[in-house]
Amino acid sequence: MSKKVIVIGGGVAGMSAAHELVERGFKVEVYERNKIYCGGKARSVDVPGSNQQYTDKFLPGEHGFRFFPGFYKHITDTMSRIPFGSGSVHDNLVQVDRVEIARFDQTPIVTVVSFPNSKDDLRAILASMHSDTGLTSAEIDLFSSKVWQILTSCYERRINDYEGIGWWQFMDADNQSKNYQTLLVEGLTRTLVAANAKYASTKTGGDIFLQLLLNMANPRIQADRVLNGPTNEVWLNPWIQYLKSCGVDYRYGASCTKLDFENGQITGAWISFDGGEPQKITGDYYVLAVPVEVAAPLINDDMIAYDMSLQGIRDLAPSVAWMNGMQFYLNQNVEIVHGHCIYVDTPWALTSISQIQFWKDYDLDKRGNGQVKGILSVDMSDWEVPGLNGKVATDCTLDEIKKDVWEQLKKSLNINGKTVLSDEMLVDCYIDSDIHPSEAKDKPYALTNTEPLLVNRVNTWGLRPEAYTRIQNFFLASDYVRTFTDLATMEGANEAARRAVNAILDISGVDAEDCDIWNLHEPHFVVRARHHDKGRYDRGLPYKDLKRPLLSTAGKILGWPIEELKKIAGRGVPEDQGE
């Protein structure tokens, strides 16, 4: 008889665990608290009331837009195993080739996000070199040397030293210009990994930044990809259909209220369906695949007394922040840039993507009131500082947030007499439904967030539990689990789920192959430097550079004509000669 696994939580982690388990012969039941949608924070939604022409045609909304960096391996491997048409869901990923850094009242910086493979790409790189960043050569050198230090530091130093240093502190941001702080330090944390630069771990921030940088330098990798349609339509709905076809019992509107623990085992999970009286559900194994702030109340004192590592879940629970999305529906398709736009001067740390340019076969004509031609999807990463209206976002009404975000976008894009966004373009706006007015009587206009995001703060790696626990039938699959990814992302959730499944395979004795797990890749040309630093670390010495030039070394490895690039960059971007 097949062993039964109870998976609590039906987001990316829970669905990933179910996927791996059912393909290995387990009986799987998944309990998801959302009443309509699977996929947790990855979901897209039907915007309520937007089916004005046809009852089944809604405008698409999102918790936040999805993007798939080139270093993602776990989630994309799973996507390649989800049938879609004559291929797989993985076929629905399309490449992004540009990123724009928009600034208040300044010319934007536009550059490539992948290795250049055309004359236009090279021209974009060279043009960005001559952009007016306001950065001094000393600041560029400082930032480069800090990145080089992370790349050439041994792994032991990263975990034990850099985990305890904030990104802001490591980058010496206090002693540099506002441009340095905004463009290089804050812009790379709060907009990309939803972290505060002053508190984010240098280990995590450095590791992920290196992955993004190295992806851009690798001609064999698509450094940035997005989906070619709304997330549910081109990924999550095909996924849930596949899981159900394999025998997964996926139940919506099911919230776990308590775990029973006796004699070193989980003996049942109490599940409330649609807010009704909880029912006890039992299985052979239990996988807790809910966010950290949801998991913490389920870990009782007896469980912690049996396995002290579970205390880390309670301690991590406050380490969450808001990163939620909103969509602006426009009466024309405004393609700001063929990729993501980072608004580095915006107080609420905005990023956006113009989605319809990537959704080539998506028909908007029958959705909404028929006037929508474009969708600008925006993620908002800082809700705790005053906006242009002088109020922090969490104390604004939803209408005030919409207005202020729109003004921040316009202030960033409408520069040098050019109008990219105008009020006449705006048809409608949708804010993620996880953001709603608080019920607190002393703050009638305050907002609450039902699905915040875990952030990697300094010195929290030691709090993270493994996917397995001392409770032999209890496993953890969520982005707070220790993984190579070490970031609150779909990739981290998927990797954690694979680790949990491998642990179940190990203890159950089921004869099946382990799930594949990949470490972050870093280039071989720094092995000697890391070995040198390991020797210094073992002797109790601080980091010291070998003084090997980054450009010349990378150039030799990647085959770049570095000296020629320098010469071209020094001459500026040549005019097209009519080719």
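Here the structure is shown first, and the text comes after it.
Described below are features of the structure shown in this document. (Residues numbered from 1 in each chain as written. Predicted model: local features only at pLDDT ≥ 70, side-chain atom pairs only at ≥ 80, totals over all residues. Heavy atoms only, no water.)

## Focus on a negative patch on the surface
Put simply, the test is: Exposure above 30% relative accessible area and no salt bridge define the residues that can form patches, which grow by joining like charges within 9 Å and nonpolar side chains of Val, Leu, Ile, Met, Phe, Trp and Tyr within 5 Å. Method for areas: the Shrake-Rupley scheme with a 1.4 Å probe, in which residue coverage is limited to the protein chains shown. Salt bridge, as used here: a side-chain nitrogen of Lys or Arg that lies within 4 Å of a carboxyl oxygen of Asp or Glu. A positive count includes Lys and Arg, and a negative count includes Asp and Glu. His and the chain ends are not counted in either. Here the site of a charge means atom NZ of a Lys, CZ of an Arg, CG of an Asp or CD of a Glu. Numbered from the N terminus, helices here are DSSP runs of H or I no shorter than four residues, and strands are runs of E no shorter than two. For each residue, the accessible area found with a 1.4 Å probe, counting protein chains only, is set against the maximum for its type, and the residue is called buried under 20%, exposed over 50%, and partly exposed in between.
A surface patch of like charges, here negative, comprises Asp-506, Glu-513, Asp-514 and Asp-516. Relative to the assigned elements, Asp-506 resides in helix H14 (residues 490-508). Overall, Asp-506 belongs to the exposed group, its relative accessible area being 67%.

## Structural notes on the sheet that holds strand E16 (residues 285-288)
We count it as follows: If DSSP finds at least two bridges between two strands, the strands pair. An axis is simply a line fitted to the C-alpha atoms; with a helix, the fit covers only the stretch in contact. Between two such axes, the angle follows the N-to-C directions and lies from 0 to 180 degrees. The contact criterion used is simple: two residues touch if any of their non-hydrogen atoms lie within 4.5 Å.
Reading across from one edge, E12-E2-E1-E16-E26 is the order of the 5 strands in this open sheet, with parallel pairing throughout. Edge positions in the sheet fall to strand E12 (249-251) and strand E26 (474-476), since each has one partner strand and no second. Strand-to-strand twist of the sheet, defined as the mean angle between neighbouring strand axes without regard to direction, takes the value 15 degrees. With 5 bridges joining them, strand E1 (residues 4-8) and strand E2 (residues 27-31) adopt parallel strand pairing. Its bridge partner being in E2, Lys-4 is matched across the sheet by Lys-27. Together, E1, E2 and E12 form the strand contacts of helix H1 (residues 12-22), whose direction differs from that of E2 by roughly 170 degrees.

## Details of the side chain of Glu-32
Our working definition: Pairs of N or O atoms are called polar contacts if they sit within 3.5 Å, as long as, within protein, a hydrogen donor faces a hydrogen acceptor (for residues adjacent in sequence, only side-chain-to-side-chain pairs).
Mapped onto the fold, Glu-32 is located in the loop between E2 and strand E3 (44-46). Comment: no salt bridge for buried Glu-32; closest opposite-charge side chain is Arg-33, at 5.3 Å. Here the side chain of Glu-32 touches Gly-10 through a polar contact of 2.7 Å, landing on its backbone nitrogen. Polar side-chain contacts of Glu-32 include one of 2.9 Å to the backbone nitrogen of Asn-34.

## Topic: the pattern of salt bridges
Under the defined criterion, the tally for this structure stands at 30 salt bridges. The partner of Asp-77 in a salt bridge is Arg-498, and the shortest N-O contact between them spans 2.8 Å. You can see Asp-77 sitting in helix H2 (residues 74-79) and its partner Arg-498 sitting in helix H14, a full 421 residues away along the chain. Among the residues examined, Asp-77 registers a relative accessible area of 22% and is labelled partly exposed. Here Arg-498 falls in the buried class, since its relative accessible area comes to 1%.

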